[in-house]
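# Structural overview for review
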Amino acid sequence: MRKLQKGRDKILIDLLSNVLYEIERYNISIEKAFVKTCSLKRCSKDSEERERLFQLTKEFIKNVIRLRCIYGDIGRKNLARIFLEGTWRDESNIEPWCIYSVPKWFYERLRELLGEEAHDLFRSIDKRVIWLRINILKASEEKIVRSLEEDGVILERDKDLWYLYKVIDSRKPLREIKAVKDFMAIPQDKASCLVVEALRPERNDKILDMSAAPGIKTSLIAMLTEDQAKIYALDISKKRLYIMKELLKKFGVKSSVDITLADGRYVPAREKIFDKTLIDAPCSSSGAIWKDPSIRLSLLKKNKIDYYSNIQKDLVREAIKMSRIIVYATCSLLPEEGELIVRSFKDQVVFERPLKKFSTGYSKYDPEGLFNRTFPHKDESEGFFISKMIVI
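The structure contained in this document is the topic of the report that follows. (Residues numbered from 1 in each chain as written. Predicted model: local features only at pLDDT ≥ 70, side-chain atom pairs only at ≥ 80, totals over all residues. Heavy atoms only, no water.)

On to the overall build of the chain. Along its length, the chain carries 17 helices and 12 strands. Against the 2.2 N^0.38 benchmark of 21 Å for 392 residues, the chain shows a C-alpha radius of gyration of 22 Å, consistent with a compact globule. Of all 392 residues assigned to the chain, the portion counted as buried reaches 55%. When the accessible surface of the chain is totalled, it reaches about 18600 Å², and 49% of it is carbon and sulfur. Averaging the coordinates of the 74 positive side-chain charges in the chain and doing the same for the 60 negative ones gives two points 4 Å apart. (Helix = DSSP H or I, 4+ residues; strand = E, 2+ residues; numbered from the N terminus. Rg over C-alpha atoms; globule rule 2.2 N^0.38 Å. Buried < 20%, exposed > 50% of the residue type's maximum accessible area, 1.4 Å probe, protein only. Areas by Shrake-Rupley, 256 points an atom, 1.4 Å probe, with all protein chains shown as cover. Lys, Arg positive; Asp, Glu negative; His and termini not counted. Charge placed at Lys NZ, Arg CZ, Asp CG, Glu CD.)

The next point concerns the sheet that holds strand β2 (residues 153–157). Overall, antiparallel pairing links the 4 strands, which are arranged β2-β3-β1-β4 in an open sheet. Two strands bound the open sheet, and with one partner strand each, they are β2 and β4 (185–187). This sheet shows a mean twist of 40 degrees between the axes of neighbouring strands, independent of strand direction. Of the pairings in the sheet, the one linking β2 to strand β3 (residues 164–170) comprises 5 bridges and is antiparallel in character. Across the sheet, residue Arg 157 finds its bridge partner in β3, namely Tyr 165. (Pairing = 2+ DSSP bridges. Axes fitted to C-alpha atoms, helices over the stretch in contact; angles between N-to-C directions.)

Taking 1.5 Å of rise per residue, 14 residues should cover 20 Å, and helix α13 (residues 238–251) covers 20 Å from first to last C-alpha, within 8% of that figure. All of the buried residues along α13 are Leu 241, Met 244, Leu 247, Leu 248 and Phe 251. Along α13, the residues classed as buried sweep out an arc of 120 degrees about the axis, all on the same side. Facing away from the buried surface of α13 by more than 90 degrees, the exposed residues are Lys 238, Lys 239, Tyr 242 and Lys 249. In this structure, the buried side of α13 is in contact with β4, α12 (216–224), β6 (230–235) and β7 (257–261). Note on α13: the residue one or two positions beyond its end, Gly 252, has a positive phi of about 90 degrees. (Expected span 1.5 Å × (residues − 1). Arc of directions from axis to C-beta. Contact = heavy atoms within 4.5 Å.)

Here the focus is the pairing of strand β5 (residues 206–209). Pairing geometry for β5 and β6, over 4 bridges, is parallel. If you follow Asp 209 over to β6, its bridge partner there is Ala 233. Where β5 meets strand β8 (residues 274–280), 3 bridges bridge the pair, whose relative direction is parallel. Of the residues in β8, the one forming a bridge with Asp 209 is Leu 278.

All told, the structure shown has 16 aromatic pairs when counted by the stated rule. Ring geometry for Tyr 107 versus Phe 122: centroids 5.7 Å apart, planes at 40 degrees, classification tilted. In this pair, Tyr 107 sits in helix α7 (residues 104–114) while Phe 122 sits in helix α8 (residues 117–123), placing the two residues 15 residues apart along the sequence. Following the ring pairs from residue to residue traces out a cluster consisting of Tyr 100, Trp 105, Phe 106, Tyr 107 and Phe 122. Sitting above the plane of the Tyr 232 ring, Lys 230 keeps its charged end 5.9 Å from the centroid. (Phe/Tyr/Trp six-rings, centres within 6.5 Å; stacked < 30°, edge-to-face > 60°. Lys NZ or Arg CZ within 6 Å of the ring centre and 35° of its normal.)

Running from N to C, helix α2 (residues 30–41) and helix α3 (residues 47–62) cross one another at 125 degrees; their axes reach a closest spacing of 11 Å. When the axes of α2 and α3 are compared, the pair comes out oblique. Once α2 is placed against α3, the crossing between them reads as right-handed. Residues Ile 30, Glu 31, Phe 34 and Cys 38 of α2 form the contact with α3, whose own contacting residues are Arg 50, Leu 53, Phe 54, Thr 57, Lys 58 and Ile 61. For the contact of α2 with α3, a count of residues per class yields 6 nonpolar, 1 polar and 3 charged. (Parallel < 35°, antiparallel > 145°, perpendicular 65-115°, else oblique. Left-handed = near helix turned anticlockwise from the far one by under 90°. Nonpolar A, V, L, I, M, F, W, Y, C, P; charged D, E, K, R; others polar.)

A separate point is the side chain of Thr 37. Tracing the chain through its elements places Thr 37 in helix α2. With relative accessibility at 3%, the residue Thr 37 sits in the buried group.

Considering all chains together, one arrives at 2 disulfides under this definition. Disulfide partner of Cys 38: Cys 43, at an S-S distance of 2.1 Å. On the sign convention where negative is left-handed, the bridge of Cys 38 and Cys 43, at about -80 degrees about the S-S bond, is left-handed. Of the two residues, Cys 38 and Cys 43, both sit in the buried class. Linked covalently through their sulfurs, Cys 69 and Cys 98 form a disulfide whose S-S length is 2.1 Å. Residues Cys 69 and Cys 98 share a disulfide whose torsion about the S-S bond is about -70 degrees; that sign makes it left-handed. On the criterion of sequence distance, the pair formed by Cys 69 in helix α4 (residues 64–71) and Cys 98 in helix α6 (residues 96–99) is long-range, its members being 29 residues apart. Residue Cys 69 is classed as partly exposed on the basis of its relative accessible area of 25%. The disulfide pattern of the chain is 1-2, 3-4 when the bonded cysteines are numbered in sequence order. You can see Cys 331 has no disulfide; the closest cysteine sulfur is in Cys 283, sitting 5.6 Å from it. Residue classification places Cys 331 among the buried positions, given a relative accessible area of 9%. (Disulfide = S-S within 2.5 Å.)

And the structure:
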């Protein structure tokens, strides 16, 4: 048992309990909650100490459901104190969803979909792989890789995507690496890149990106088309579009993107004016638990799945009116945000399997193998659903 030191641990307990409050009260990411709490609690400005605190906070949030299974619905400060002490009650009799620290309904749904393989998926939660995308709009691949290696980053080139590298090790946090700070190397998950690969963007394509901000996928479209496609990027958030505009400049995207503040569900166009449309739809983000443990807590509200599924259907419905080819994707492990969404349009589109080398959809909802799914335990990536539709 770790003996608590009154002054130091009171600060830590306050930090952890306040981050948990921000996440549960405002349904925000762990990063936003941490930054907000630190601005009030005056966390250390030393980058190494701040990183250590952030990693400790992530570990705490990851274990909140597990701790509540053991100790019941106790206060946030008591929960933080127990976490810091490090000696918990006997866990031998708690259920698997408690051990994995995920909502019970979520565990049961994935067990229904994957059977025993669900355990492999949940065990992979703590083994997140970091990927870097080489941005040749800024410099040559050789120059970028050399810069990363000189900064102490050990890389392994991906076997599927020539511009993607797995980070094996790094002497310091990636945000402090020169190539990352100069936007020559962009942190981007492999599954996120595969969504753009499914679109197969080409020079001179007119492409609609319906939920574009903050623009990571948009910038990859620009890179793969040598900044020669015409991309129309929509998003509902003015703040996120402002960030996107600034990021695209830093990414080296010069003139290919037309940014518009708009809700993709209510676009006035009623004729097929785009060659291709990308819908990276708002969703539960259940496929990104590995990146942000706060998602475990947001998934406690099961009704949010219905909320997002209605938005997702509206986006596909509008895209069908405006485009010939549609790629619909969600960072979700749930068929309610994937297979069941696109299947509802089966009379208006023809499905085409986007990626030949990756897993198909869940067999119950994709018996013909027309869709793709990525999984952390199989692909070392976030969990994505990816589909491609040809409008009839």
